[in-house]
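# A closer look at the structure
So you can see what is in the structure, the chains are spelled out below.
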Amino acid sequence: MPEFEAVDQDGNTVRSSDLKGKKTVVYFYPKDNTPGCTAEACNLRDNYGALVGAGYNVVGVSKDSEASHKKFALKNSLPFTLLADPSTQILQAFGAWGEKKMYGKVTVGTLRKTSIFSEDGTLEKIIEKVDTKNHAAQILE
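These figures come from a predicted structure and were not determined experimentally.

Of the regular secondary structure elements, the protein holds five helices and nine strands. When the helices and strands of the protein are listed from N to C terminus, the series reads β-β-β-α-α-β-α-β-α-β-β-β-β-α. Taken over C-alpha atoms, the radius of gyration comes to 14 Å for the protein, in line with the 14 Å a tight globule of 141 residues would show. With 141 residues in all, the protein has 45% of them scored as buried. Looking at the protein alone, contacts between residues at least 24 apart form 59% of all its contacts between residues at least 6 apart. Summing over all exposed atoms, the protein offers an accessible surface of approximately 7100 Å²; the carbon and sulfur share of this is 49%.

So, about the packing of aromatic side chains. One pass over the structure, following the stated rule, counts seven aromatic pairs. Note on Phe-28 and Phe-94: the rings are 5.1 Å apart at their centroids and 50° apart in plane angle, and the pair reads as tilted. Of this pair, Phe-28 sits in strand S3 (residues 23–28) while Phe-94 sits in the loop between helix H4 (89–93) and strand S6 (97–102), and the two are 66 residues apart along the sequence. Overall, Phe-28 belongs to the buried group, its relative accessible area being 0%. On the basis of relative accessible area, Phe-94 is assigned to the buried category, the value being 8%. Grouping aromatic residues by their ring pairs yields a cluster made of Tyr-27, Tyr-29, Tyr-48, Phe-72 and Phe-80.

The nonpolar side chains of a soluble globular protein tend to be buried with one another. Counting 19 residues, the largest nonpolar core has Tyr-27, Leu-44, Leu-51, Leu-78, Phe-80, Leu-82 and Ile-139 as the members making the most contacts within it. In terms of residue count, the dominant contributor to this core is helix H1 (residues 35–46) (three residues). Look past the residues within four positions of Leu-78 in its chain and what remains in contact with it is Ala-41, Arg-45, Phe-72 and Ala-73. If you look at the next biggest cluster of nonpolar residues, it comprises 15 residues, including Met-1, Phe-4, Phe-28 and Val-59.

Taken as a whole, this structure holds six salt bridges when the rule is applied. The partner of Lys-70 in a salt bridge is Asp-10, with the nearest N and O atoms 2.8 Å apart. Of the two residues, Lys-70 is situated in helix H3 (residues 66–76) and Asp-10 in the loop between strand S1 (5–8) and strand S2 (13–15); the sequence distance between them amounts to 60 residues. On the basis of relative accessibility, which here comes to 46%, the residue Asp-10 falls in the partly exposed class. For the salt bridge of Asp-46 with Arg-45, the shortest nitrogen-to-oxygen distance reads 2.8 Å.

Pairing is mixed across the open sheet formed by seven strands, whose spatial order is S2-S1-S5-S4-S3-S8-S9. This sheet does not close on itself; its edge strands, each paired only once, are S2 and strand S9 (123–127). This sheet shows a mean twist of 30° between the axes of neighbouring strands, independent of strand direction. Sheet topology note: the S1/S2 ladder contains three bridges and is antiparallel. Its bridge partner being in S2, Glu-5 is matched across the sheet by Arg-15. The sheet contacts of H3 involve S1, strand S4 (56–62) and strand S5 (81–84), and relative to S5 the element is tilted by about 155°.

Here H3 has its buried residues at His-69, Phe-72, Ala-73 and Asn-76. Projected down its long axis, H3 carries its buried residues within an arc of 95°, all on one side. Of the exposed residues in H3, the ones pointing more than 90 degrees away from its buried face are Lys-71, Leu-74 and Lys-75. In the core, the buried residues of H3 are packed alongside H1, S4 and S5. Backbone geometry just after H3 places Ser-77 at a positive phi near 50°.

Conventions used here
- Residues numbered from 1 in each chain as written.
- Predicted model: local features only at pLDDT ≥ 70, side-chain atom pairs only at ≥ 80, totals over all residues.
- Heavy atoms only, no water.
- Helix = DSSP H or I, 4+ residues; strand = E, 2+ residues; numbered from the N terminus.
- Rg over C-alpha atoms; globule rule 2.2 N^0.38 Å.
- Buried < 20%, exposed > 50% of the residue type's maximum accessible area, 1.4 Å probe, protein only.
- Contact = heavy atoms within 4.5 Å.
- Areas by Shrake-Rupley, 256 points an atom, 1.4 Å probe, with all protein chains shown as cover.
- Phe/Tyr/Trp six-rings, centres within 6.5 Å; stacked < 30°, edge-to-face > 60°.
- Core = buried A, V, L, I, M, F, W, Y, C linked by side-chain atoms within 4.5 Å.
- Salt bridge = Lys/Arg side-chain N within 4 Å of Asp/Glu carboxyl O.
- Pairing = 2+ DSSP bridges.
- Axes fitted to C-alpha atoms, helices over the stretch in contact; angles between N-to-C directions.
- Arc of directions from axis to C-beta.

Here you go:
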């Protein structure tokens, strides 16, 4: 797992080293409170028990601010950590920042993808084509 340090929705500093010792799902999403991102977060919330039961720690990352994450987490009762990455350093380190097409226009931004790590921080799987409404099933398969 790439090394990083960021602030979560509660103002706590989270380091990549804090995530070792547990299987970790790091999911990258473009923006709080947008339809696809909300569907993805709520699917993970609704299946959080199964994810935790399978031994996973869940962490969401976007370039939104800590305050935006706080509102998003409260509004949707999200039980997992959301990390603020306004500098896009984490997004870039994980390969989740780059060119994408939206409505036929090429832009640079957050790529919706998920990285799954083993307890020791070894990358086990990358989900490039995220199904926002069934993302937990993609992780658990």
